[in-house]
Amino acid sequence: MSILLEPFEFEFFRNALIAATIVGALCGLIGVYVVLRGMSYIGHGLAHAIFGWAVIAATIGVGILAGAGLGGFVSALMINRVARRRTIGADAAIGVVTIAILAFGLALISLRRGFTQNFESLLFGNVLAVGVAQIVAVAVVALAVAGFVLVLYRPLLFTTFDPEVAAASGVRVSRMNSFLALALAATIVVTMQILGVLLVSAALVIPPVIARMITDSFGRMLWLSTAVGSAAGLIGVYLSWHLDIASGPAIVLVEAVAFVVTYALTARRNRLAVVDAHL
Amino acid sequence: MSDLIRLERVTAAYGAEPVLVDIDLAIADGDFVGIVGPSGSGKSTLLRILTGSMRPSSGSIERSPKVRIGYVPQVETVNWFFPVTVREAVLMASPSGRRGPRATPEEIRGATEILEHLGLGDLGDRHIRALSGGQQQRVFIARALMRRPNLLLLDEPTSGVDVRTRHDVMHLLHELHHEGLAIVLTTHDLNGIAAHLPSLVCVNREVIARGSPREVMTPDVLERAYGAPMDVLTHGGMPVVVERVEEAPLVEATAPLPKEHHEHPA
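Residues numbered from 1 in each chain as written. Chains lettered and ligands numbered in written order. Predicted model: local features only at pLDDT ≥ 70, side-chain atom pairs only at ≥ 80, totals over all residues.

What to know about the overall build of chain B
Point 1. Each helix and strand in chain B was counted, giving eight helices and 11 strands.
Point 2. A principal-axis box enclosing the C-alpha atoms of chain B has dimensions of 80 × 55 × 40 Å.
Point 3. Here chain B holds 266 residues, and the buried ones make up 41% of them.
Point 4. Long-range contacts, defined here as pairs at least 24 residues apart, represent 66% of the contacts in chain B between residues at least 6 apart. (Helix = DSSP H or I, 4+ residues; strand = E, 2+ residues; numbered from the N terminus. Buried ≥ 20, exposed ≤ 12 C-beta atoms within 10 Å, placed from the backbone. Contact = placed C-beta atoms within 7 Å.)

The following block contains the structure:
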């Protein structure tokens, strides 16, 4: 029993557990919109762009988090704008915008060989180095995003499901898209420090996909995805202690196992749905 | 009857190429209008201009302050794998402008009434994919009705559905029209839909003709709109469009067929 409770004696572990649980829930929540808009690749791309913006912010001497957040927001808006041109499409728009910004950041790093800033932690994340200030930042972003999703629940759902009819019904679609871009950028900035640029997209995509396999209701998908993300954060950090592996990969691996189990358990239901769709 | 929407010399374009040119159109209280024309003639664009989701490049649009629009998209554009139940689909269009997840008792009562009126009363918890074609179309009509509209706009409401569903949907629309709703729909189905409507507008970049089906569905108007000769017969008092069959053979033999093709098997 004492072995099971042993990690809780350490403050850094307790901090990591709280941060990973909140971040998991936050990614699960906002990821629902990312997945349902068919923009799963955006989490991956935007994390790369935000890394590029973090380098740019450090180069010009402004706060890395604020610079990366603002840059991420601008990148998400640019993606929305470029994706609207149908000859390009969302996936190519993400590829062009985000990788160009990442390349710019990498070019800056190579130019300034004396760069003292260590960007390695942003690439791979370090949940065990999370302090109280970071937990507060994560909690503030999570509360703001959750509040925004609750307050704008119906227009966000309408815009995600059917943007043309939403616009015809008086919903300000471009404003909803901007709100989502801002929420996503803020989510990635706070998550990146914990999971790392390379793993953020998995935390955004896997919980909503698991929830989608379980339910056909949007409302239920929203809270299920949040719960799955949160549980994966908690279990992942806890297992990482006992298995002596890095926390970020542990969280994503827990989500991946949950995905495989859910996929197997819901296989029959989904086969029936496919048959229904063809009848 | 007062005009709900009036378009004057409206021109609309995607990029540099105009899709609609100098359109004059007035939709009044109690109208039931079908917009017909070939593919790419600007029918859906005209509907987008009426909904306000597209701005014309020139011309003027006057909307009556009392106009409330309900818009029903083509079911073929719906993402059927989106996780949304019938009740969620209907309640996402809030008439009161409420944005939160919890529907008010009035909204729930309104949604229940509309779903029952449209024969969907027991299907509120079903996923939209798990419905028949006619039920699916009615879900989106129900969502549009949640806004308590006085003008219902429908884009190809019977596209891709079978004859029975087409009949059900048209029956429902006639019922809603009798209850006082003005209706404008686009259709490419001249015989199955357009011929049964009180009035038609035929477009192909510009308004080619408007009036009753008998006035619009004439060989001259149809040839100008569709660019192909068509004959119009009368059946049960209604016009029926048939493609004109040219007398010349479609394929002329340029060489005699090989001999074995003429031989019957033993």
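Concerning the pairing of strand 7 (residues 182-187) of chain B
Residues and elements named next belong to chain B.
Point 1. Counting buried residues along strand 7, six of its six residues qualify, which places the element largely inside the surrounding structure.
Point 2. Neither face of strand 7 is left uncovered, since the one carrying Ala182, Val184 and Thr186 and the one carrying Ile183, Leu185 and Thr187 both have all their residues buried.
Point 3. For strand 6 (residues 151-155) and strand 7, the ladder comprises five bridges, and the chain directions are parallel. In the sheet register, Asp155 faces strand 7, and the bridge partner there is Thr186. (Pairing = 2+ DSSP bridges.)

Section: helix 5 (residues 90-111) of chain A
All names here are of chain A.
Point 1. An ideal rise of 1.5 Å per residue puts 32 Å on 22 residues; helix 5 measures up with 32 Å between its terminal C-alpha atoms.
Point 2. Residues of helix 5 that are buried: Ala93, Ile94, Val97, Thr98, Ile101, Leu102 and Gly105. Projected onto a plane normal to the axis of helix 5, the buried residues spread over an arc of 130° and lie on a single side. Exposed residues on helix 5 whose side chains face more than 90 degrees from its buried face are Ala103, Ala107, Ser110 and Leu111. (Expected span 1.5 Å × (residues − 1). Arc of directions from axis to C-beta.)

Quick word on the sheet that holds strand 6 of chain B
All names here are of chain B.
Point 1. Taken in spatial order, the six strands make up an open sheet running 5-6-7-3-8-9, and their pairing is mixed. Across the chains shown, the open sheet's two edge strands, defined by having one partner strand only, are strand 5 (69-72) and strand 9 (206-211). Put simply, the sheet's adjacent strands are angled 15° from each other on average, direction ignored.
Point 2. Pairing of strand 3 (residues 32-36) with strand 8 (residues 199-204), which is carried by four bridges, proceeds in the parallel orientation. Its bridge partner lying in strand 8, Gly34 is registered against Leu200.
Point 3. Sheet strands in contact with helix 1 (residues 43-51) are strand 3, strand 5, strand 6, strand 7 and strand 8, and its direction is about 150° off that of strand 6.
Point 4. The strands that helix 4 (residues 133-145) touches are strand 5 and strand 6; relative to strand 5, the one it contacts most, it runs at about 160°. (Axes fitted to C-alpha atoms, helices over the stretch in contact; angles between N-to-C directions.)

Points about helix 3 (residues 40-60) of chain A
Point 1. Look at helix 3 of chain A: 31 Å from first C-alpha to last across 21 residues, which is about the 30 Å you get at 1.5 Å a residue.
Point 2. Of all 21 residues in helix 3 of chain A, 15 are buried, a share of seventy percent or more.

Looking at the interface of chain B and chain A
Point 1. Taken together, the contacts link 21 residues of chain B with 25 residues of chain A.
Point 2. Residues that form the side of chain B that touches chain A fall into these classes: 10 nonpolar, seven polar and four charged. (Nonpolar A, V, L, I, M, F, W, Y, C, P; charged D, E, K, R; others polar.)

A look at the domain arrangement of chain B
All names here are of chain B.
Point 1. Here the domain parsing of chain B yields domain 1 (3-67 + 150-262) and domain 2 (79-149).
Point 2. The distance between the C-alpha centroids of domain 1 and domain 2 comes to 28 Å.
Point 3. Domain 1 puts 11 residues into the contact, and the matching count from domain 2 is eight residues.
Point 4. Every element with two or more residues in the side of domain 1 that touches domain 2 is listed here: strand 6 and helix 5 (163-178).
Point 5. If you tally residues by element for the side of domain 1 that touches domain 2, the top one is helix 5, at four residues.
Point 6. A per-class count over the side of domain 1 that touches domain 2 returns seven nonpolar, two polar and two charged. (Domains from an automatic or database assignment.)

Side note on the environment of Arg164 of chain B
All names here are of chain B.
Point 1. Inspection of the secondary structure puts Arg164 in helix 5.
Point 2. Exposure remark for Arg164: the 11 C-beta atoms within 10 Å place this residue in the exposed category.
Point 3. Taking the C-alpha atoms as reference points, Arg164 and Thr85, 79 residues apart in sequence, are found 24 Å from one another.

Some thoughts on unusual backbone geometry
Point 1. In this structure, Asp244 of chain A takes a positive phi of about 55° despite not being glycine.
Point 2. Its location among the elements puts Asp244 of chain A in the loop between helix 12 (218-243) and helix 13 (247-265).
Point 3. According to the C-beta neighbour criterion, Asp244 of chain A is exposed, with 8 such atoms within 10 Å.
Point 4. Even without a glycine there, the phi angle at Arg9 of chain B is positive, about 45°.
Point 5. Mapped onto the secondary structure, Arg9 of chain B falls in strand 1 (residues 3-14).

Brief notes about the packing of helix 3 of chain A against helix 5 of chain A
All names here are of chain A.
Point 1. With their axes 8 Å apart at the nearest point, helix 3 and helix 5 run at an angle of 30° to one another. Accordingly, the angle class assigned to the pair helix 3 and helix 5 is roughly parallel. Considering the relative orientation of helix 3 and helix 5, their crossing is left-handed. Contacts between helix 3 and helix 5 involve Tyr41, Ile42, Gly45, Leu46, His48, Ala49, Phe51, Gly52, Trp53, Val55, Ile56 and Thr59 on the former and, on the latter, Asp91, Ile94, Gly95, Val97, Thr98, Ile99, Ile101, Leu102, Phe104, Gly105, Leu108 and Ile109.
Point 2. Of the residues belonging to the contact of helix 3 with helix 5, the class tally is 16 nonpolar, seven polar and one charged. (Parallel < 35°, antiparallel > 145°, perpendicular 65-115°, else oblique. Left-handed = near helix turned anticlockwise from the far one by under 90°.)

Re the packing of helix 11 (residues 200-214) of chain A against helix 12 of chain A
Residues and elements named next belong to chain A.
Point 1. In the contact formed by helix 11 and helix 12, the axes pass within 8 Å of each other and the chain directions differ by 130°. With respect to helix 12, the axis of helix 11 lies oblique. Where helix 11 crosses over helix 12, the two elements pack in a sense that is right-handed. Counted together, Ala203, Pro207, Pro208, Ile210, Ala211, Arg212 and Ile214 of helix 11 and Met221, Leu224, Ser225, Val228, Gly229 and Ala232 of helix 12 form the full contact between these two elements.
Point 2. In the contact of helix 11 with helix 12, the residues fall into 10 nonpolar, two polar and one charged.

Concerning the pairing of strand 8 of chain B
All names here are of chain B.
Point 1. Strand direction decides the pairing type here: strand 8 and strand 9, joined by five bridges, are antiparallel. Bridging from a neighbouring strand, Val203 pairs with Val207 of strand 9.
Point 2. Hairpin connection of strand 8 to strand 9: one residue between the antiparallel strands, including Arg205 at a positive phi of 70°.

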